[in-house]
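# Report on the structure
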Amino acid sequence: MMDKCTIQMVKFVVAGAAVAAALWAAETAHASSTVAMVCELRGNQEAPAPVVTPARGCGRFEIDVNTNTIKYYIAFSGLLGAETAAHFHGNAGPGVAAGVKIALPLGNPKVGAAVYLEADEPAILSGNWYVNIHSVVNPGGEIRGQMNHFAALLNSYQEGPGVVATWPPPQR
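Residues numbered from 1 in each chain as written. Predicted model: local features only at pLDDT ≥ 70, side-chain atom pairs only at ≥ 80, totals over all residues. Heavy atoms only, no water.

Moving on, we come to the overall build of the chain. For the chain, the helix and strand inventory stands at two helices and eight strands. Along the chain, from the amino end to the carboxyl end, the secondary structure elements read α-β-β-β-β-β-β-α-β-β. Within the chain, the fraction of its 172 residues that count as buried is 39%. For the chain, the proportion of contacts with a sequence separation of at least 24, taken over those separated by at least 6, is 65%. As displayed, the chain offers around 9,700 Å² of accessible surface, 62% of which is attributable to carbon and sulfur atoms. (Helix = DSSP H or I, 4+ residues; strand = E, 2+ residues; numbered from the N terminus. Buried < 20%, exposed > 50% of the residue type's maximum accessible area, 1.4 Å probe, protein only. Contact = heavy atoms within 4.5 Å. Areas by Shrake-Rupley, 256 points an atom, 1.4 Å probe, with all protein chains shown as cover.)

Turning next to the side chain of His-89. Tracing the backbone through its elements, the reader meets His-89 in strand E4 (residues 83-90). Here Ala-98 takes part through its backbone oxygen, which lies 2.9 Å from a polar atom of the side chain of His-89. Contact partners of His-89, with chain neighbours within four places excluded, come to Ala-98, Gly-99, Val-100, Lys-101, Asn-128, Trp-129, Tyr-130, Asn-132 and His-134. (Polar contact = N/O pair within 3.5 Å; in protein donor to acceptor, adjacent residues only side chain to side chain.)

Turning our attention to the packing of aromatic side chains. Think of a pair of aromatic rings as described by two things: how far the centres are apart, and how the planes are tilted against each other in angle. Tallying each qualifying case throughout the model produces three aromatic pairs. With a centroid separation of 5.9 Å and 40° between ring planes, the pair formed by Phe-88 and Trp-129 is classed as tilted. Remark: Trp-129 occurs in strand E7 (residues 129-135) and Phe-88 occurs in strand E4; sequence separation between them is 41 residues. Just as Phe-88 is buried, Trp-129 falls in that class too. By the ring-pair criterion, three or more aromatic residues cluster together here, those being Phe-61, Tyr-72, Phe-88 and Trp-129. The positively charged end of Arg-144 is found above the aromatic ring belonging to Tyr-130, 3.4 Å away from the centroid. (Phe/Tyr/Trp six-rings, centres within 6.5 Å; stacked < 30°, edge-to-face > 60°. Lys NZ or Arg CZ within 6 Å of the ring centre and 35° of its normal.)

So, about the nonpolar core. Among the nonpolar cores identified, the biggest contains 24 residues, and Phe-61, Phe-88, Trp-129, Val-131 and Ile-133 are the most heavily contacted of them. Mapped by element, the contributors of at least two residues to this core are strand E1 (34-42), strand E2 (56-64), strand E3 (69-77), E4, helix H2 (121-125) and E7. What Phe-88 contacts, discounting residues up to four positions off in sequence, is Phe-61, Ile-70, Tyr-72, Gly-99, Val-100, Lys-101, Ile-102, Leu-104, Trp-129, Tyr-130, Val-131 and Met-147. (Core = buried A, V, L, I, M, F, W, Y, C linked by side-chain atoms within 4.5 Å.)

Moving on: the state of the cysteines. Across all of its chains, the model carries zero disulfides by this definition. Free cysteine: Cys-39, not disulfide-bonded; nearest cysteine sulfur from Cys-58 at 7.6 Å. Accessibility expressed as a relative area gives 1% for Cys-39, which makes it buried. (Disulfide = S-S within 2.5 Å.)

Let's shift gears to the pairing of E7. Counted residue by residue, E7 has seven buried out of seven residues, so it is predominantly covered. Here E7 shows no split at all, with Trp-129, Val-131, Ile-133 and Ser-135 on one side and Tyr-130, Asn-132 and His-134 on the other all buried. Bridge analysis of E4 against E7 gives seven bridges, and the strand direction is antiparallel. Pairing of Gly-90 across the sheet is with Trp-129, part of E7. Note: E7 against strand E8 (residues 143-146), four bridges, orientation antiparallel. Bridge pairing links Val-131 to Gly-145 in E8. (Pairing = 2+ DSSP bridges.)

These figures come from the coordinates and say nothing about function on their own.
Written out as structure tokens, the structure is:
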């Protein structure tokens with residue numbers, strides 16, 4: 001059985017695919033000005049050291065390269081303590097800590113838009129920004145999610161009856 005956040009992430013992936021298809025269909029001689037991105041927030045993504053927590057979260061972002069704005073929807077659950085802060089951080093890849101770029105409002109879900117600096121756009125679009133949610137128990141950050149262009153949850157639960165998935169796959 002999939003948990004609530006996994007179900008929400010699947011919805012985000014489906015929505016992202018729909019947005020991508022719509023953008024492709026609407027493509028004309030002018031390039032699209034928006035880019036869809038997603039993230040999955042987990043304690044094991046925290047840097048410099050992973051955090052052991054039951055907390056999970058997911059986010060969906062629409063980057064508008066003409067107006068330098070990020071529209072965001074971020075949902076989470078299971079923090080070990082009350083939320084104290086949330087931010088976009090950059091410029092760093094997975095496993096590397098970086099400074100705060102944009103503060104996010106407290107609360108769940110987080111829905112809104114923020115303006116970023118033009119100079120930060122290449123880092124955002126290359127996946128070098130992340131969302132970090134801080135708590136009373138983990139003031140340095142409890143869950144983190146690297147912004148990516150695509151996320152797919154692949155597991156044996158999605159297979160039909162009679163399919164047994166093993167890892168690693170058999171050698172041929």
